[in-house]
Amino acid sequence: TYNLCMLIIYRDKLADDLLKLGIGNNKSVEVKLPKIKPDLIRDVVRGMSDGDGGFHVTEKNNMRFCIASSTIEILQEIQIILMKECNLDEIKIRFYKNCYSLNYQGNERCKKIFHYLYDNVEEGLYLSRKYNYAKTHFSNLKNNTTCPV
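Being a predicted model, the structure only gives us computed values, none of them experimental.

Student: What's the story with unusual backbone geometry in this structure? I'm lost.
Tutor: Excluding glycine, a negative phi dihedral is what most residues carry, and trans is how most peptide bonds are arranged. Phi at Asn87 is positive, roughly 55°, even though this residue is not glycine. For Asn87, a relative accessible area of 62% puts it in the exposed group. Phi is positive for Asn98, close to 65°, though the residue is something other than glycine. Residue position: Asn98 is located in the loop between β3 (94–96) and β4 (99–105).

Student: In this structure, what is going on with the pattern of salt bridges? I would like to understand it.
Tutor: Side chains that carry opposite charge are capable of pairing whenever their charged atoms lie near each other. Taken as a whole and judged by the stated rule, the model has three salt bridges. Residue Lys13 is joined to Asp17 by a salt bridge in which the shortest nitrogen-to-oxygen separation is 3.0 Å. Remark: Asp17 and Lys13 occur in helix α1 (residues 12–20); sequence separation between them is four residues, near one turn of the helix. By relative accessible area, Lys13 is classed as exposed at 60%. Residue class for Asp17 comes out partly exposed when judged on its relative accessible area of 30%.

Student: What am I meant to see in the packing of helix α3 (residues 72–86) against helix α4 (residues 107–118) here?
Tutor: Helix packing for two helices is described by the angle between their axes and how far apart those axes are. Where α3 meets α4, the axes come as close as 10 Å, and the angle between the chain directions of the two elements is 95°. Between α3 and α4, the crossing angle belongs to the class labelled roughly perpendicular. In this structure, α3 contributes Ile81, Leu82, Glu85 and Cys86 to the contact, and α4 contributes Lys112, Ile113 and Tyr116. Residue composition of the contact of α3 with α4, by class: five nonpolar, no polar and two charged.

Student: How do you make sense of the packing of aromatic side chains when you look at a structure like this?
Tutor: Aromatic ring pairs are defined here through the distance separating the ring centres and the angle between the ring planes. Inspection of every chain in the model, using the stated rule, returns nine aromatic pairs. Relative to Tyr131, the ring of Tyr118 has its centre 5.1 Å away and its plane inclined at 65°; by these criteria the two rings are edge-to-face. Of the two residues, Tyr118 sits in helix α4 while Tyr131 sits in helix α5 (residues 128–142), which places them 13 residues apart along the sequence. Judged by relative accessible area, Tyr118 falls into the buried class, the value being 4%. Cluster of aromatic residues (ring-pair linked, three or more members): Phe55, Phe65, Phe114, Tyr118, Tyr126, Tyr131 and Phe138.

Student: Looking at this structure, I do not really get the packing of helix α2 (residues 41–52) against α4. What am I missing?
Tutor: For the pair α2 and α4, interaxial distance at closest approach is 9 Å and the crossing angle is 115°. Of the residues in α4, those in contact with Ile41, Arg42, Val45, Arg46, Ser49 and Asp50 of α2 are His115, Tyr116, Leu117 and Tyr118. Residues that form the contact of α2 with α4 fall into these classes: five nonpolar, two polar and three charged.

Calculation rules
- Residues numbered from 1 in each chain as written.
- Predicted model: local features only at pLDDT ≥ 70, side-chain atom pairs only at ≥ 80, totals over all residues.
- Heavy atoms only, no water.
- Buried < 20%, exposed > 50% of the residue type's maximum accessible area, 1.4 Å probe, protein only.
- Helix = DSSP H or I, 4+ residues; strand = E, 2+ residues; numbered from the N terminus.
- Salt bridge = Lys/Arg side-chain N within 4 Å of Asp/Glu carboxyl O.
- Axes fitted to C-alpha atoms, helices over the stretch in contact; angles between N-to-C directions.
- Parallel < 35°, antiparallel > 145°, perpendicular 65-115°, else oblique.
- Contact = heavy atoms within 4.5 Å.
- Nonpolar A, V, L, I, M, F, W, Y, C, P; charged D, E, K, R; others polar.
- Phe/Tyr/Trp six-rings, centres within 6.5 Å; stacked < 30°, edge-to-face > 60°.

Now the structure itself:
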């Protein structure tokens, strides 16, 4: 079972302002990146990673970064950002069991994503368990040790 959280907004002005930012009332169907300042985009991507994705170490000690969504459009937007900010290639966004998934694999690629998402970010603005998991893996690679899967 999952805990459910609901936000109900009764103020018309606040609801209208959120709609102008691209935040609608049907998150699962209308997911797009909000219209915000460019310097805040990585915070949104990190939030999506914290909520619907993250880093994973494979059995072969290789890092994988994944974000999932019910719509392909937001993942396409995120991919464009990661390609630009992390100098990554375009990859295929996969569809499996009613969900789209953007998956980058490889320690070097994922390290670039990790640095983009977390460098110079205040503690408390991310899920520390996801941050620490990836950081430990990259530290172990640097020290030539294996990270437990």
